[in-house]
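An overview of the molecular structure
Here are the chains, one letter per residue:
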Amino acid sequence: MSPFPPTFADDVINHDARAQFDAFLDEHRRALYASLDGLTEEQARRRLVPSRTTLLGLVKHATFVEKVWFDEAITCRSRTEIGIPATPDESFILQDTDTIASIQRAYQEACKESRRRAAALALDDLVRGNRRGPLPLRWAYLHMLRELAQHCGHADILREQVTSR
C-alpha cells in the first residue's frame, strides 16, 4: 500500500490549479517511491551509468530536493540546519546504512513535511529561502514536477535494466 495520498490527475480535471498541482506532484512522488518496490538491496544500489545515479540514489536525491524546495525555500533554514548536503550531486551519495526501507521512509517523511509546509500557502505566495531570491510557491511546484518527472523516467530505465539481468 502506497503511503501517498490516493489522488490521481484524472480526479482533479475540474478542480482549481492547486488541487491539480498537488495531484500531479503526488503521482510523481508515488511513482518514484514505488521504483524501489520488490528490488533487492543490491539491485537498488547497482550503478549502470558513470554518474552516481542508482535507483536508491534517485529516491535519496528526491528527498534532498523536497527539503530544498519545501523546507529551505519556505522556512529559510540553511541546508546545514536542515541536515542535507550542500549540493545536489552530494545527495546521490549512498551510505552503508542506507537501505530501501530507510530511504523510502525518509522520502515518505520528507513528502509529508513538504505537503504540511505548503498547505498554508497559496501558489502565488512568495517563498524567500531559495538562492534565486523570492519565488512564488508555484515555481517550487513546477520545479518539483520537472525534477520528479525526469527522475521517474530515469528510474523506469534503471529498473528495467536491473530487473532484466
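Everything discussed here concerns the structure shown above.
Before going into details, it helps to say that this report is about the structure given with it. Worth saying up front: this structure is predicted, and the values here are computed from it rather than measured.

Re the overall build of the protein
Regarding its fold elements, the protein presents six helices and two strands. Taken from N to C terminus, the helices and strands of the protein fall in the order α-α-α-α-α-β-β-α. Computed over the C-alpha atoms, the radius of gyration of the protein is 16 Å, within 12% of the 15 Å expected from 2.2 N^0.38 for a compact globule of 165 residues. Counting over 165 residues, the protein shows a buried share of 44%. Sequence-distant contacts in the protein: of pairs separated by 6 or more residues, those separated by 24 or more amount to 72%. Entry remark: accessible area of the protein is about 8,700 Å², with carbon and sulfur atoms responsible for 54%.

Regarding the nonpolar core
It is characteristic of soluble globular proteins that their nonpolar side chains tend to be buried jointly. By size, the foremost hydrophobic cluster in this structure holds 39 residues, and its most contacted members are L32, L36, W69, F70, Y107 and Y141. Mapped by element, the contributors of at least two residues to this core are α1 (17–34), α3 (55–75), α5 (100–119) and α6 (137–163). Of the residues forming this core, the biggest block, 11 residues, is contributed by α3. Not counting residues up to four positions away in its chain, the partners in contact with L36 are A44, L55, L56, V59, I100, Q104 and R159.

Some words on the packing of aromatic side chains
All chains considered together, the criterion is met by two aromatic pairs. Ring centres 5.7 Å apart and planes at 70° place the aromatic pair F21 and Y141 in the edge-to-face group. Taken together, the residues F21 in helix α1 and Y141 in helix α6 connect sequence positions 120 residues apart. Overall, F21 belongs to the buried group, its relative accessible area being 12%. Of the residues examined, Y141 reaches a relative accessible area of 3% and is grouped as buried. Summarising the aromatic geometry, the rings of F70 and Y141 are spaced 5.7 Å apart at their centres and angled 85° between planes, so their arrangement reads as edge-to-face. Within this pair, whereas F70 is found in helix α3, its partner Y141 is found in helix α6, the two being separated by 71 residues in sequence. By way of ring pairs, the aromatic residues F21, F70 and Y141 are connected into one cluster.

Section: the environment of A23
Among the secondary structure elements, A23 is positioned in helix α1. Residues A23 and V12 lie 11 residues apart in sequence; the distance between their C-alpha atoms is 7.3 Å.

Thoughts on the packing of α1 against α5
It is the contact of α1 with α5, at a shortest axis distance of 11 Å, that shows an interaxial angle of 170°. Comparing their axes, α5 and α1 come out roughly antiparallel. For the pair formed by α1 and α5, the contact residues are R18, D26, R29, L32 and Y33 on the first element and Q104, Y107, Q108, C111, S114, R115, A118 and A119 on the second. Grouping the amino acids of the contact of α1 with α5 by side-chain chemistry returns six nonpolar, three polar and four charged.

Focus on unusual backbone geometry
Of note, the phi angle at C76 is positive, near 70°, even though the residue is not glycine. Tracing the chain through its elements places C76 in the loop between α3 and α4 (79–82).

Criteria and cut-off values
- Residues numbered from 1 in each chain as written.
- Predicted model: local features only at pLDDT ≥ 70, side-chain atom pairs only at ≥ 80, totals over all residues.
- Heavy atoms only, no water.
- Helix = DSSP H or I, 4+ residues; strand = E, 2+ residues; numbered from the N terminus.
- Rg over C-alpha atoms; globule rule 2.2 N^0.38 Å.
- Buried < 20%, exposed > 50% of the residue type's maximum accessible area, 1.4 Å probe, protein only.
- Contact = heavy atoms within 4.5 Å.
- Areas by Shrake-Rupley, 256 points an atom, 1.4 Å probe, with all protein chains shown as cover.
- Core = buried A, V, L, I, M, F, W, Y, C linked by side-chain atoms within 4.5 Å.
- Phe/Tyr/Trp six-rings, centres within 6.5 Å; stacked < 30°, edge-to-face > 60°.
- Axes fitted to C-alpha atoms, helices over the stretch in contact; angles between N-to-C directions.
- Parallel < 35°, antiparallel > 145°, perpendicular 65-115°, else oblique.
- Nonpolar A, V, L, I, M, F, W, Y, C, P; charged D, E, K, R; others polar.

Fair warning: the whole summary comes from geometry, so function is off the table for now.
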